[in-house]
Amino acid sequence: MTTLEQTTTTAEREIGKSRRRKEDARLITGRSRYTDSIRLPGMLHLGMVRSPLAHARITHLDVEEARSAPGVMAVYTGADFQDDHTGVPNAWPVTPDQKAPHHPAVAIEEVFFSGEIVAVVVARSAAEARDAIELVDVDYDELPVVLDLEHAAAGEPFVHEELGTNISATWVFDSATAGTGGKVDEAIEAARRDGVVVERTLRQQRLIPAYMEPRSTVVDPTGEQITLWSATQIPHVLRTMLSLSCNVPESKLRVVAPDVGGGFGGKLAVTPEEIVTLLVARRLRKPVKYTETRSESMLAAHHGRDQVQRLTIAATKDGTVTGLKVDLLANMGAYLGLLTSGVPILGGFMYNAIYKFPAYQFTCHNVFTNMVHTDAYRGAGRPEATFAIERMMDELATELQMDPIELRRRNWIRHEEFPFTTVAGLEYDSGNYEAATDKALQLFGYDELRAEQQRRRESHDPVQLGIGVSTYTEMCGLAPSRVLGALDYAAGGWEHASVRMLATGKVEVVTGISPHGQGHVTSQSQIVADKLGVPFEDVEVLHGDTQVAAKGMDTYGSRSLTVGGIAVARAADKVVEKAKAVAAHLLEANVDDLDFEAGRFSVRGTDQGMSIGEVAFAAFTAHDLPEGMEPSLDADSTFDPVNFSFPHGTHLVAMEVDTETGAVKVRTYVCVDDIGNVINPLLAEGQVHGGLAQGIAQALFEEAVYDDHGTLVSGSFVDYLVPGAPDLPSYTTDRTETPATSNELGVKGVGEAGTIASTPAIVNGILDAIRHLGVQDVTMPCTPYRVWTALQGGDTRTPAAPSNEQSVAGQEGGQA
């Protein structure tokens, strides 16, 4: 065996192996390169002057003192840029008559939320820019502020007077009209006569993505191309949108996402700050950087969730569901961001969840308010839907005096019924809800905990025990393109990849997805190592640069493996097919007589063969290739899925609630997820753990709170509580595996599963502990103050108590 052959052949299977991330050694030894780390000769720095008011007319704007400040090169207002760009883009007009106000990167005459940019300072250093911000003199005439969703939906005052309404769009799905089910109003009326109807109004609080690395943008306009570095999840989408918004030829704009410190949907955006940085750099012909402070991030970067959910569920007296009606008010904030209007619509396909509803209606009103706009946040519409239906299933079980697990069993899709077309029109390709639930119940000790719960109730224990249940599914992958087109989304859902075998037998993978902590380099290396039979260490994955990876649709919606990974796998398969033709020619054999295993081609029935590394070198030299064969071993693939992927699972939690103080404690958390075939169990486990942390955080800790004037009062980590490790429990996790049938690897998404499932499990557990004491609901986050208020018969819909009370929740209630 040659040296080349030895370095490119391996028999050990990579897919399914728990490998540590390739990326980690560089990241944890200080060799990372984030956008704010970039230093360019002569680089200038930006500071943003932001409105302290939520709605006001700008009556006076004086920048002269700031212009003369030390180190200041220029100061710009909205009027300076109004002819240079078309505004911050919205890529998802959900209805033909959607109302979308013009969103300038810098306000011109009026501001619509606290934190909106009104002027831009350009200075030689970031410190000088920050100092000069204080010298810009702005006078405002305050205007009426619209903050409450229900009041905003009802009418005046209007956020944007020229629109004549606060309703941006109303989107309706009706199973009777769509031909996927019956008439929901008839089902509800029938249940009122001879069944059960449960009606509830639930609240999804406003959340802040709170990624570790604040947003940052650097623009260098000094070369033949403009190069823009950004802490973004979407370099390819950003390039296209900036080209359109700022009238820059796309071929002249290069976008690079270097190391990105988390996103959670918060960096799935085209931001005013990115537009401003590009416009200033282009105007001055000098490199320019803007990096936001943490306070700016929490104030002006987009938020998530913020909905009022009115739900009606109809069922027979034996617990068989017959209809579901959802009326949703979704808070857009003051403007429409990239996907703002479409996020609640995504959830519209998932309120029916794993259950066989025969009739369904979903109505969503997208509503403007004087707050920073909302957009994608981990799960993007699916957590809201899962929270609502899982809460309603518990409410229905209570009404029927039925065990919540038994109610779910009675109504879910059985494993033998797949593929199953739901009342919302989606085709679930595979699943086994029974297996996941049975395994979770066994790990949890469900019967024993129910017995303990009964003993505590009978003894009037001040610490009551509740059991929370969440059996979820989600649609992820954000594809196929034709479905997105039918929903009026401006882009497609495909993904592109290239695989190149180099002359030395090493491999380069170029992927259109852009990681920010998920482990894409590792998982894609494992896929390619298995496909080509090369060592894991010999695979290099390139990404995040539109000049290196020219095609791509980037990272969001748990699509990186289910779409991007399949593109990589298919490109690798094409490399093998090309290599097989070269090997057959060199071995003087028929292609059909060759076998390929563990990186080696062999002629069936003989001892003749050669490694794929040897084939790669032969393809590179091109001395003896088949007639018409082009040199080199490389291939491209663009994958556009035929369907979403549908992971599912069962999450069970035992919650302890101190009825004297309201403190809550997560005693036991068990989850069994089915994410199809698993490429790297260690990475999958990490994704589940991270998702659980964010879902539990929504249930117990986090809330963005505005005062009556529209000022964000939870604008720092002193007041916005992000839980740390001591606030969270240990988890018992496991999996069942039902392979997806929509892709050849059989994989499903995992990045959002924990977030989607955990929030309703926690809240259901709290209510199960204290419902017998007369508590019907606790509005999230379920802080000790709110739980105690509910136990006293009070209203928990008011903003959370101050941060010191929330900290007590973390110390007393969050730790396992």
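Preceding this paragraph is the structure being described.
Residues numbered from 1 in each chain as written. Predicted model: local features only at pLDDT ≥ 70, side-chain atom pairs only at ≥ 80, totals over all residues. Heavy atoms only, no water.

J.: What exactly am I supposed to notice about the pattern of salt bridges here?
T.: Here the idea is simple: oppositely charged side chains can pair when their charged atoms come close. Overall, the coordinates contain 51 salt bridges when judged by the stated rule. Between glutamate 452 and arginine 667 there is a salt bridge, with the nearest N and O atoms lying 2.7 Å from each other. With glutamate 452 in helix 16 (residues 446–458) and arginine 667 in strand 27 (residues 664–674), this pair connects stretches of sequence that are 215 residues apart. A relative accessible area of 30% places arginine 667 in the partly exposed class. One salt-bridge network, held together by shared partners, links Glu12, Glu14, Lys17, Arg19 and Glu537. (Salt bridge = Lys/Arg side-chain N within 4 Å of Asp/Glu carboxyl O. Helix = DSSP H or I, 4+ residues; strand = E, 2+ residues; numbered from the N terminus. Buried < 20%, exposed > 50% of the residue type's maximum accessible area, 1.4 Å probe, protein only.)

J.: Honestly, helix 14 (residues 404–411) in this entry has me stumped. Any pointers?
T.: Each α-helix winds once per 3.6 residues, and so residues spaced three or four apart point in a common direction. Of the positions making up helix 14, those classed as buried are Pro404, Ile405, Leu407, Arg408 and Asn411. All buried residues of helix 14 fall inside an arc of 160 degrees around its axis, so they share one side. If you check the start of helix 14, you find a side-chain oxygen 2.8 Å away from the backbone N of isoleucine 405, and it comes from aspartate 403. (Arc of directions from axis to C-beta. Polar contact = N/O pair within 3.5 Å; in protein donor to acceptor, adjacent residues only side chain to side chain.)

J.: Teacher, can you tell me more about the packing of helix 13 (residues 382–400) against helix 22 (residues 753–770) here?
T.: Two measures define how a pair of helices packs: the angle their axes make with one another and the distance between the axes. Orientation of helix 13 relative to helix 22, taken along the N-to-C sense of each, is 30 degrees, at an axis distance of 8 Å. As summarised for this structure, helix 13 and helix 22 are arranged roughly parallel, according to the angle between their axes. Our pair here, helix 13 against helix 22, has a crossing hand that is right-handed. Across the interface between the two elements, Arg382, Pro383, Thr386, Phe387, Glu390, Arg391 and Asp394 of helix 13 pack against Ile756, Thr759, Pro760, Val763, Asn764 and Leu767 of helix 22. Taken together, the residues of the contact of helix 13 with helix 22 break down into 6 nonpolar, 3 polar and 4 charged. (Axes fitted to C-alpha atoms, helices over the stretch in contact; angles between N-to-C directions. Parallel < 35°, antiparallel > 145°, perpendicular 65-115°, else oblique. Left-handed = near helix turned anticlockwise from the far one by under 90°. Contact = heavy atoms within 4.5 Å. Nonpolar A, V, L, I, M, F, W, Y, C, P; charged D, E, K, R; others polar.)

J.: So what exactly am I meant to see when it comes to helix 15 (residues 433–444) here?
T.: Taking 1.5 Å of rise per residue, the 12 residues of helix 15 would be expected to cover 16 Å, and the 16 Å separating its terminal C-alpha atoms lies within 8% of that figure. Those residues of helix 15 not exposed but buried are Tyr433, Glu434, Ala436, Thr437, Ala440, Leu441 and Phe444. The arc that holds every buried residue of helix 15, seen down its axis, measures 165 degrees, which confines them to one face. Immediately downstream of helix 15, the backbone of glycine 445 shows phi near 70 degrees, a positive value. (Expected span 1.5 Å × (residues − 1).)

J.: Where do I start with the environment of phenylalanine 536 in this structure?
T.: Within the secondary structure layout, phenylalanine 536 lies in the loop between helix 18 (520–532) and strand 21 (539–542). Sequence separation between phenylalanine 536 and glutamine 526 is 10 residues; the distance between their C-alpha atoms is 6.0 Å. Each residue touching phenylalanine 536, except ones within four places of it in the same chain, is listed here: Glu14, Arg19, Lys22, Thr522, Ser525, Gln526 and Ala529.

J.: Any chance you could explain the sheet that holds strand 18 (residues 463–473) here in plain terms?
T.: In any sheet, the strands associate via hydrogen bonds between backbone groups, in a parallel or an antiparallel arrangement. Spatial strand order, 18-26-27-28: 4 strands in an open sheet with mixed pairing. Of all the strands in the sheet, just strand 18 and strand 28 (732–736) have a single pairing partner and so form its edges. In this sheet, adjacent strand axes meet at a mean angle of 15 degrees when their direction is disregarded. Two elements, strand 27 and strand 28, share 5 bridges in a ladder whose sense is parallel. Residue pairing across strands places cysteine 671 opposite threonine 733, the latter belonging to strand 28. Running at roughly 145 degrees to strand 18, helix 16 makes contact with strand 18, strand 26 (648–658) and strand 27 of the sheet. (Pairing = 2+ DSSP bridges.)

J.: Whenever I open this one, unusual backbone geometry confuses me. Can you help?
T.: Outside of glycine, negative phi angles account for most residues, and trans bonds account for most peptide bonds. For the bond from phenylalanine 418 to proline 419, the omega torsion is -5 degrees, close enough to zero to count as cis. Mapped onto the elements, proline 419 comes out in the loop between helix 14 and strand 16 (420–421). Geometrically, the link from alanine 479 to proline 480 is a cis peptide bond, its omega value of 10 degrees lying close to zero. Tracing the backbone through its elements, the reader meets proline 480 in the loop between strand 18 and helix 17 (481–486). In this structure, alanine 210 is a non-glycine residue whose phi angle is positive, near 55 degrees. Phi at serine 558 takes a positive value of approximately 55 degrees, unusual for a residue other than glycine.

J.: Sorry, what's going on with the environment of proline 462 here?
T.: Here proline 462 is to be found in the loop between helix 16 and strand 18. Taking the C-alpha atoms as reference, proline 462 lies 9.9 Å from glutamate 656; in sequence the two are 194 residues apart. Proline 462 has contacts with Val657, Asp658, Thr659 and Glu660, leaving out every residue within four places of it along the chain.

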